Amino acid sequence: MMHRVFVRTIVAIVLLATRANGTPILGLNPSVQVVSSGAMVSVDLTISGLGDAVAPSLSTFDVDIFFDPTVVTFANVIFGDSLLGDQLDLFGLGSLTSFDGSVPGLLNLFELSFDDPLDLDELQAGSFTLATITFLSGSPGKSSLDLSVNALGDSFGDPLTATVSNGSVRAVPLPDTLQLLLAALLCLGVARKIQGGTK
């Protein structure tokens, strides 16, 4: 009986260690978007591959996002996951957040958790959204969204390495006035034909 309990304990430890040793992935979701010029577009900065309620967890990040300012411009950022809440602020006690979009084509995002390392390891999800960034699409064209990691820290602030997955936004021209007018006339003609057929 003792032998069986010992074997189960060893298997559990090996499984937890295997789960915890994967390389996290930092990325943008959706990775590719096509939007009309002048439209707002939102992109989630996500992390996955952390331990789910087990180390490693994340306590800090400092990343740069590079983009083409002639195609998209930075509008706003909201830190945290819309469904799970801010996973670097598990109890709502606050975290240190900052962003800087003052340089055209560059956005810096930073967050530092004030939560206890053991709470982060035991309660943080394995995958979540770090921040949702909103851009305004400008002139037609394609802008890559390139992530650069300045720092990632585990629950104790020790360096954490991650694979980076970039993205892009393509802005397409809005339909011109003549196309909109022709579409409206076509819809009006179809509506009249349907109305005439029901009498």
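Quick caveat: nothing in here was measured; it's all calculated off a predicted structure.

**Q** I would appreciate a short explanation of a nonpolar patch on the surface in the present structure.
**A** Together, Phe91, Leu93 and Leu123 give the surface a local cluster of nonpolar side chains, amounting to about 350 Å² of exposed area. Following the sequence through the fold, Leu93 ends up in the loop between β5 (72-79) and β6 (95-100). In this structure Leu93 comes out as exposed when scored by relative accessible area, which is 70%.

**Q** Even after reading the chapter, I still don't get the sheet that holds strand β2 (residues 32-36), so can you show me in this structure?
**A** Strands sit in the order β2-β11-β9-β4-β7-β6 across an open sheet of 6 strands; the sheet is mixed. Each edge of the sheet is formed by a strand with only one pairing partner; in this case those strands are β2 and β6. With direction set aside, neighbouring strand axes in the sheet form an average angle of 15°.

**Q** I tried to follow the nonpolar core on my own but got confused; where do I start?
**A** The nonpolar side chains of a soluble globular protein tend to be buried, and buried together. Among the nonpolar cores identified, the biggest contains 32 residues, and Leu45, Leu58, Phe61, Leu109 and Leu130 are the most heavily contacted of them. A per-element tally of this core places strand β8 (residues 128-137) first, with 5 residues. Once you skip the residues sitting within four places of it in the chain, Phe61 turns out to touch Leu45, Phe79, Leu88, Leu109, Phe110, Glu111, Leu130, Ala151 and Leu152.

The rules behind the values
Per chain, residue numbering runs from 1 following the sequence as it is written. Predicted model: local features are reported for residues with pLDDT of at least 70 only, side-chain atom pairs are reported and counted for 80 or more only, and whole-chain, interface and lining totals are derived from all residues. Based on all heavy atoms of the structure, the side-chain values leave hydrogens and waters out of the count. A patch consists of residues whose relative accessible area exceeds 30% and which take part in no salt bridge; residues with like charges are grouped when within 9 Å of each other, and nonpolar side chains (Val, Leu, Ile, Met, Phe, Trp, Tyr) when within 5 Å. Accessibility throughout is a Shrake-Rupley quantity obtained with a 1.4 Å probe, and a residue counts as covered only by protein chains that appear here. Think of a salt bridge as a Lys or Arg side-chain nitrogen and an Asp or Glu carboxyl oxygen that are within 4 Å of each other. Helix and strand definitions follow DSSP, with helices as H or I runs of at least four residues and strands as E runs of at least two, each counted in order from the N terminus. Between buried and exposed lies partly exposed: a residue is buried under 20% and exposed over 50% of the maximum accessible area for its type, with that area taken using a 1.4 Å probe on protein chains only. The criterion for strand pairing is that DSSP finds at least two bridges linking the strands in question. The axes are straight lines fitted to the C-alpha atoms, using for helices just the contacting stretch, and the angles between their N-to-C directions are given from 0 to 180°. Side-chain atoms within 4.5 Å link the members of a nonpolar core, which is a set of buried Ala, Val, Leu, Ile, Met, Phe, Trp, Tyr and Cys residues. Whether two residues touch is decided by their heavy atoms; if any such pair falls within 4.5 Å, the residues are in contact.

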